[in-house]
Amino acid sequence: MSGGWNTIESDAGVFTYLLDNLGVRDVQFEELISLDADALAQLHPVYGVIFLFKFPTDAPYRGEKPLDGAFDNDASENLFFAAQTIQNACGTQALLSVLLNKTDPGAVEGAEAGYVDVGESLRDFREFTMVLPPEFRGEALSNSELIRDVHNSFAKSSPFVDETQRQASDDDEAFHFIAYTPINGTLYELDGLQPAPISHGVCLPGEFPAKVMEVLQRRIARYDATEIRFNLLAMTRDLRIRARELGDVELLAREERKRRDWQFENALRRHNFVGFAGEVLKGVVAATLKEGGDAAYDKWVDQAKDKMRKRIEERKKGAGAGGGGGEDVEMEG
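What counts, and at which threshold
- Residues numbered from 1 in each chain as written.
- Predicted model: local features only at pLDDT ≥ 70, side-chain atom pairs only at ≥ 80, totals over all residues.
- Heavy atoms only, no water.
- UniProt positions renumbered as here; feature names shortened; annotations may be inferred.
- Helix = DSSP H or I, 4+ residues; strand = E, 2+ residues; numbered from the N terminus.
- Buried < 20%, exposed > 50% of the residue type's maximum accessible area, 1.4 Å probe, protein only.
- Contact = heavy atoms within 4.5 Å.
- Areas by Shrake-Rupley, 256 points an atom, 1.4 Å probe, with all protein chains shown as cover.
- Core = buried A, V, L, I, M, F, W, Y, C linked by side-chain atoms within 4.5 Å.
- Phe/Tyr/Trp six-rings, centres within 6.5 Å; stacked < 30°, edge-to-face > 60°.
- Lys NZ or Arg CZ within 6 Å of the ring centre and 35° of its normal.
- Salt bridge = Lys/Arg side-chain N within 4 Å of Asp/Glu carboxyl O.
- Patch = residues over 30% accessible without salt bridge, like charges linked within 9 Å, V, L, I, M, F, W, Y side chains within 5 Å.
- Pairing = 2+ DSSP bridges.
- Axes fitted to C-alpha atoms, helices over the stretch in contact; angles between N-to-C directions.
- Arc of directions from axis to C-beta.
- Polar contact = N/O pair within 3.5 Å; in protein donor to acceptor, adjacent residues only side chain to side chain.

Within an unreviewed UniProt entry, the label attached to the protein reads Ubiquitin carboxyl-terminal hydrolase, and the organism entered is Lasiosphaeria hispida. What UniProt records for the protein under Catalytic activity (unreviewed entry) is the sentence "Thiol-dependent hydrolysis of ester, thioester, amide, peptide and isopeptide bonds formed by the C-terminal Gly of ubiquitin (a 76-residue protein attached to proteins as an intracellular targeting signal)."

Draft legend 1. Representation of the overall build of the protein within the structure. From N to C terminus, the protein includes 11 helices and seven strands. Evaluated residue by residue, the protein yields a buried proportion of 44% over its 333 residues. For the protein, restricting intrachain contacts to residue pairs at least 6 apart in sequence, the fraction spanning at least 24 positions comes to 76%. Total accessible area on the protein is roughly 18000 Å²; 51% of this is exposed by carbon and sulfur atoms.

Draft legend 2. Looking closely at the nonpolar core. Phe15, Leu19, Phe29, Ile50, Leu99 and Leu122 are the most contacted members of the largest nonpolar core, which has 49 residues in total. Membership of the second largest hydrophobic core comes to 20 residues, among which are Val46, Phe51, Leu187 and Leu239.

Draft legend 3. How the structure looks around the side chain of Ser199. Mapped onto the elements, Ser199 comes out in strand E6 (residues 198-202). Setting aside residues up to four positions removed in sequence, Ser199 forms contacts with Gly69, Ala70, Asp72, Thr186, Leu187 and Tyr188.

Draft legend 4. Representation of the packing of aromatic side chains within the structure. Counting across every chain of the model gives six aromatic pairs. Note on Phe51 and Phe53: the rings are 5.7 Å apart at their centroids and 20° apart in plane angle, and the pair reads as stacked. In this structure Phe51 comes out as buried when scored by relative accessible area, which is 1%. For Phe53, a relative accessible area of 0% translates into the label buried. Over the ring of Phe53 we find Arg219, and its NZ or CZ is 4.4 Å from the ring centre. Between Arg259 and the ring centre of Tyr17, over which it is positioned, the NZ or CZ distance is 5.8 Å.

Draft legend 5. How the structure looks around the environment of Val212. Along the chain, the position of Val212 falls in helix H8 (residues 208-221). Val212 sits 175 residues away from Ala37 along the chain, and the two C-alpha atoms are 8.2 Å apart. Ignoring anything within four residues of it in the chain, the contact list for Val212 reads Leu40, Val49, Tyr180 and Leu187.

Draft legend 6. Molecular detail of the pattern of salt bridges. Under the defined criterion, the tally for this structure stands at 15 salt bridges. Where Arg123 meets Asp117, a salt bridge forms, and the shortest distance between an N and an O atom there is 3.0 Å. Judged by its relative accessible area of 24%, Asp117 falls in the partly exposed class. Among the ionic pairs, Glu255 bridges to Lys258, the shortest N-O distance being 3.0 Å. Here Glu255 pairs with Lys258, and both are found in helix H10 (residues 249-269), just three residues apart, close to one helical turn. For the pair formed by Glu255 and Lys258, the shared burial category is buried. One salt-bridge network, held together by shared partners, links Asp238, Arg240, Arg244, Glu256 and Arg259.

Draft legend 7. Representation of a nonpolar patch on the surface within the structure. Taken together, the side chains of Val280, Leu281, Val284, Leu289, Tyr297 and Trp300 define a hydrophobic patch exposed on the protein surface, amounting to about 470 Å² of accessible area. Along the chain, Trp300 falls in helix H11 (residues 274-320).

Draft legend 8. Fine view of the sheet that holds strand E5 (residues 186-190). With respect to topology, seven strands assemble into an open sheet ordered E1-E7-E2-E4-E5-E6-E3, the strand pairing being antiparallel. Either end of the sheet is taken by a strand with one partner, and the two such strands are strand E1 (27-32) and strand E3 (70-71). Across two bridges, the pairing between E3 and E6 is antiparallel. By the bridge assignment for E6, Ala70 is matched with Ser199. Sitting on the sheet, helix H1 (residues 12-21) is in contact with E1, strand E2 (46-54), strand E4 (175-183) and strand E7 (231-237), with an inclination near 165° to E1.

Draft legend 9. Quick peek at helix H5 (residues 119-129). Buried within H5 we find Gly119, Leu122, Phe125, Arg126 and Thr129. What you see down the axis of H5 is that its buried residues fit within an arc of 95°, all on one side. Residues Glu120, Glu127 and Phe128 are exposed on H5 and point more than 90 degrees away from its buried face. On its buried side, H5 packs onto helix H3 (90-99), helix H6 (134-142) and helix H7 (145-152).

Draft legend 10. A look at H7. Of all the positions in H7, only Ile147, Arg148, Val150, His151 and Asn152 are classed as buried. Looking at the buried side of H7, the elements it contacts are H1, H3, H5 and H6.

Draft legend 11. Structural context of the UniProt feature "site: Transition state stabilizer" (unreviewed entry) in the protein. The positions UniProt marks with the feature "site: Transition state stabilizer" (unreviewed entry) are Gln84. Inspection of the secondary structure assignment puts Gln84 in the loop between E3 and H3. Discounting chain neighbours no more than four positions away, the residues touching Gln84 are Cys90, Gln93, His176, Gly192 and Leu193. A polar atom in the side chain of Gln84 sits 3.0 Å from the backbone oxygen of Ile86.

Here it is as structure tokens:
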């Protein structure tokens, strides 16, 4: 069961305002459309990346050792690492895995790239949980009303499915969020479904973009060549700060416009439009009946059926030709 947690989309606007609503200052997310280390480096300072991928269903996810890197079983004593104990929480948990390891101004990465003002609530949460083992940190996170309520406020509204009560089935395609971040000179992979943080070796200041992209390229290479359902988001300093420092009016205007778009999209996510669509449909039917009576209505229905039959036939032809039907799959975790 999901324990009262809804799924949220892997979206830069969702994650940016999720952290903003938790009291985090001067942080935003940027979506990366390639595994280009230079593109990531241009966003400096980068605190970490969040990677979304299709959860393996044909083999156990845990093992005695990871497929890449090495378990650092002692690391969780000094860094924030929490076991994932609840369904649907992995997106927010991945964000916090980066964020709650950026609270030390004296970190090896330096104050600019290694420190974030996480706000009073998250500072108190980190202080409370760091004395606990990872499994209890995960329980504390799952039971935090503040974090759960903010997380759920970005879930898409649905009148048909209550995600907080839905049981996952074997037919579901599951996706999972994990985090990569440099901590005290080491590149760590933080995945709440693994027994410990995974070390990917030394990562000096400035090396993170190149090193994390190498790790991600190896990870993606383990999938079938036709699998493209991945998503990568970088956690960076608010780009409006850079624009103001550089006096770049164009960049500042672009970032402000982006924020307005994100706010509008997030507002839409909180509403379902089933009632609106129903009223539109009733209006169309009434107009059709008024125009030509029952005959016009029957003709309209027959035309819709013909279009649907053609669409199904085209989809079958595409699947038969190896095209897979061409359907988009929404990526959530």
